[in-house]
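Okay, here's what each chain looks like letter by letter:
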Amino acid sequence: QVQLVESGGGLVQPGGSLRLSCAVSGSDLSMSPVAWYRQAPGSQRELVATILTTDRTIYADAAKGRFTISRDNAKSRVYLQMDSVKPEDTAVYYCKLYADEEHWGNGTLVTVSS
């Protein structure tokens, strides 16, 4: 079955950088759009970035200019490069695969704090 596993989260200071990774198995990554979502405590899950099969990218306003979504189909991985992070970026980050069904990973926690 399709599995998504996020990694790369952790504690980072404001202004720092972090790269999240989503490993996809059981599905051809090149055939599907992938998105990164995040959910802060007590908040709704929100879309952060999307990468289409054409590698076109779409970003939420909060992520524009700071985050970069990319994919490596050979490694079956999707990345979210987070630069100039802010405390409000603190959340559990999830990757989502748009295949025949929507598939979610279990998330990786990013904490931005000094």
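Structure: see above.
The sections below set out a description of the structure shown in this document. For clarity, every value in this text was computed on a predicted model and none was experimentally measured.

Calculation notes
Residues numbered from 1 in each chain as written. Predicted model: local features only at pLDDT ≥ 70, side-chain atom pairs only at ≥ 80, totals over all residues. Heavy atoms only, no water. Helix = DSSP H or I, 4+ residues; strand = E, 2+ residues; numbered from the N terminus. Rg over C-alpha atoms; globule rule 2.2 N^0.38 Å. Contact = heavy atoms within 4.5 Å. Areas by Shrake-Rupley, 256 points an atom, 1.4 Å probe, with all protein chains shown as cover. Pairing = 2+ DSSP bridges.

## Observations concerning the overall build of the protein chain
- The helix and strand tally for the protein chain stands at 0 helices and 11 strands.
- What you see in the protein chain, going N to C, is helices and strands ordered as β-β-β-β-β-β-β-β-β-β-β.
- The C-alpha radius of gyration computed for the protein chain amounts to 13 Å, which stays within 12% of the reference 13 Å derived for 114 residues, consistent with globular compactness.
- Judged by the C-alpha coordinates and their principal axes, the protein chain covers about 40 × 25 × 25 Å.
- Contacts in the protein chain between residues at least 24 apart in sequence constitute 53% of all its contacts with a sequence separation of at least 6.
- About 6,100 Å² of surface is accessible on the protein chain, with carbon and sulfur atoms providing 45% of the total.

## Topic: the pairing of strand β3 (residues 18-25)
- Here strand β1 (residues 3-7) runs beside β3; their pairing, made up of 5 bridges, is antiparallel. Considered in β3, the bridge of Leu 4 is made with Val 24.
- Sheet topology places β3 next to strand β8 (residues 77-82); 6 bridges connect them, and they run antiparallel. Its bridge partner lying in β8, Cys 22 is registered against Val 78.

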